[in-house]
Amino acid sequence: MNIGIVGATGLVGKALIHELEKFPHALRLFHSGCSSETNSSGRRIDPIDRLQEGALDVVFFATPPQVSAEWIPTLLEKTSAFIVDGSSAFRQKDHVPLVIPEINGSLITSTTRQVSSPNCTTTLALMALAPLHRYAYLESFTLNSYQAASGAGRDGVRMLTEQYAAWSRGESIPIDTVFHRPLLFNAIPQIGGFNASGNTEEEEKVLQESRKILNLPQLLTFSTCVRIPALQCHSLSISATFKKPISVQEAYDLLKQTSGVKVYGDNLYPDVYSANSNSYCHVGRIRTNPTVPNTLSFWVVGNQILKGAATNMRQILDYKLKTLAD
Ligand SMILES: NC(=O)c1ccc[n+]([C@@H]2O[C@H](COP(=O)([O-])OP(=O)(O)OC[C@H]3O[C@@H](n4cnc5c(N)ncnc54)[C@H](OP(=O)(O)O)[C@@H]3O)[C@@H](O)[C@H]2O)c1
């Protein structure tokens, strides 16, 4: 099988190369053609203009949404490739399944040509919420996130490390063109632009994508997404209200049985170091929240580049291959 990765020089693209290395696939890598990087892990990287030359069976897009929006329709029309898009370009299109395989992988069939992988914060939240929803019926949730610099791609990481280097040398912290304020030693309650209701793009994605993935058009969410100076992994504080009562022990037991989730009891809890080098969604500090009936609160941490993007995208391909084999 010939697999292409577009955006192979970025954080998600590089993680995807690693995810796919275990499999005997022929990988072809692409980038904008503008950056100076022309090889990754010893592999050649071609400019995106050459995408249609190779007879690719599968193409992963780990690119900004405008690049996915420009190239995916052409590929669908001119080739027979199966396409997995990590960007937001097509996530809200009715004809494009938005898939977390553990939750709604059955939307992928043998004839599906294009699948979108969800927003990273939404993916981590729903990995914990979906098993509880199946038991107790989710009505609403509030989410406060503490999101790493790498959520803004390699420029976000570069910006934070440059700020730290400048501070270490005793220099003033450079003006930040990615986060628009110094991220170092800061917490910035804005990820993406604001809409008319005062919510940011990231907060709106949590609402819209949760509704689509859980197939709950009436679901209410209220989020405050905050960028913090962690390098990798997003942490989330979630309070979820259910139709049915659900106890802490029941939630613990349900999450313990859930593939892809690691749950912590007895006042133990995960942090960035628990999640940094694996694809689990880590859940701890499950408590009854007495301020609203039938409400549980918990703490979630996950590697947003792995389960929030590259691992989820590779799992989408695994699911597709399974439908073809069945
Ligand atoms: N980072 C995360 O935590 C995360 C999580 C979930 C989803 N996502 C989504 O995944 C996508 C990639 O994110 P990232 O963090 O990997 O970004 P990134 O580190 O900034 O990498 C962007 C990649 O896109 C390529 N690219 C940019 N413009 C291009 C063009 N005109 N034609 C072809 N390739 C182009 C870049 O290639 P060059 O080297 O040539 O510039 C680079 O390989 C984005 O849509 C993002 O929203 C990211």
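Residues numbered from 1 in each chain as written. Predicted model: local features only at pLDDT ≥ 70, side-chain atom pairs only at ≥ 80, totals over all residues.

## Side note on the overall build of the protein
Item 1. Across its full length, the protein holds 9 helices and 13 strands.
Item 2. The globule rule puts the C-alpha radius of gyration for 326 residues at 20 Å, and the 20 Å found for the protein is close to it.
Item 3. Along the first, second and third principal axes, the C-alpha set of the protein runs to 60 × 60 × 40 Å.
Item 4. The buried share of the protein, taken over its 326 residues, is 44%.
Item 5. For the protein, long-range pairs separated by at least 24 residues make up 66% of all intrachain contacts whose partners lie at least 6 apart in sequence. (Helix = DSSP H or I, 4+ residues; strand = E, 2+ residues; numbered from the N terminus. Rg over C-alpha atoms; globule rule 2.2 N^0.38 Å. Buried ≥ 20, exposed ≤ 12 C-beta atoms within 10 Å, placed from the backbone. Contact = placed C-beta atoms within 7 Å.)

## Structural notes on the sheet that holds strand β4 (residues 43-47)
Item 1. Within the open sheet, the 7 strands sit side by side as β3-β4-β2-β1-β5-β6-β7. Their pairing is mixed. Looking at the sheet topology across the chains shown, the edges are occupied by β3 (39-40) and β7 (114-116).
Item 2. Direction of pairing for strand β1 (residues 2-6) relative to strand β2 (residues 26-31): parallel, over a ladder of 5 bridges. Paired with G4 across the two strands is R28, which belongs to β2.
Item 3. Lying over the sheet, helix α2 (residues 65-78) contacts β5 (58-61), β6 (82-85) and β7, oriented at roughly 165 degrees with respect to β6.
Item 4. Helix α9 (residues 306-325) rests against β5, β6 and β7 of the sheet, and its axis sits at about 155 degrees to β6. (Pairing = 2+ DSSP bridges. Axes fitted to C-alpha atoms, helices over the stretch in contact; angles between N-to-C directions.)

## Things to note about the pairing of β1
Item 1. For β1, the buried fraction is high: 4 of the 5 residues fall into the buried class.
Item 2. What joins β1 to β2 is helix α1 (residues 11-21), and the crossover it makes is right-handed.
Item 3. Inspection of the sheet shows β1 paired to β5 by 4 bridges, in the parallel sense. Within β5, the position partnered with I3 by the bridge is V58. (Right-handed = clockwise from strand over helix to strand, strands pointing away.)

## A look at helix α5 (residues 153-168)
Item 1. Taking 1.5 Å of rise per residue, 16 residues should cover 22 Å, and α5 covers 23 Å from first to last C-alpha, within 8% of that figure.
Item 2. Those residues of α5 not exposed but buried are G156, M159, L160 and Q163. Down the axis of α5, the buried side of the element spans an arc of 90 degrees, and every buried residue falls inside it. Along α5, exposed side chains directed more than 90 degrees from the buried face belong to A165 and S168.
Item 3. Looking one or two residues past α5, G170 carries a phi angle of roughly 80 degrees, positive in sign. (Expected span 1.5 Å × (residues − 1). Arc of directions from axis to C-beta.)

## As for the environment of S68
Item 1. Following the sequence through the fold, S68 ends up in helix α2.
Item 2. The class for S68 is buried, based on 22 C-beta atoms found within 10 Å.
Item 3. Along the backbone, S68 and S87 are 19 residues apart, and their C-alpha atoms lie at a distance of 7.0 Å.
Item 4. Excluding its chain neighbours within four sequence positions, the residues that come into contact with S68 are F61, T63, D85, S87 and A89.

## Quick word on the environment of L216
Item 1. Looking at the element boundaries, L216 is found in the loop between α6 (201-214) and β9 (220-227).
Item 2. Those residues in contact with L216 that lie beyond four places of it in its chain are L138 and R211.

## Remarks on the site of the ligand
Item 1. Taken together, 31 residues surround the ligand, and among them G10, H31, S32, S87 and G153 come closest.
Item 2. Elements supplying a minimum of two residues to the shell around the ligand: α1, α2, α5 and α9.
Item 3. Partitioned by chemical class, the residues of the shell around the ligand number 13 nonpolar, 15 polar and 3 charged.
Item 4. Counting contributing residues, the shell around the ligand receives three or more from each of domain 1 (2-118 + 309-325) and domain 2 (122-304). (Near = placed C-beta within 6 Å. Nonpolar A, V, L, I, M, F, W, Y, C, P; charged D, E, K, R; others polar. Domains from an automatic or database assignment.)

## With respect to the pairing of β6
Item 1. Neither face of β6 is exposed, since F82 and V84 on one face and I83 and D85 on the opposite face are all buried.
Item 2. In this sheet, β6 lies alongside β5 in parallel orientation, the contact comprising 4 bridges. Bridge pairing in β6 places V58 opposite F82.
Item 3. In this fold, the crossover linking β5 to β6 by way of α2 has right-handed handedness.
Item 4. Taken together, the 3 bridges between β6 and β7 define a ladder with parallel strand orientation. When the bridges of β7 are listed, V84 appears paired with V115.

## Topic: the packing of helix α4 (residues 120-136) against helix α7 (residues 248-256)
Item 1. Look at α4 against α7: their axes get within 9 Å of each other, and the N-to-C directions meet at 115 degrees. Handedness of the α4/α7 crossing: right-handed. Between α4 and α7, the residues in contact are A128, P131, L132 and Y135 and E250, A251, L254 and L255, respectively.
Item 2. For the contact of α4 with α7, the class distribution of residues is 7 nonpolar, no polar and 1 charged. (Left-handed = near helix turned anticlockwise from the far one by under 90°.)

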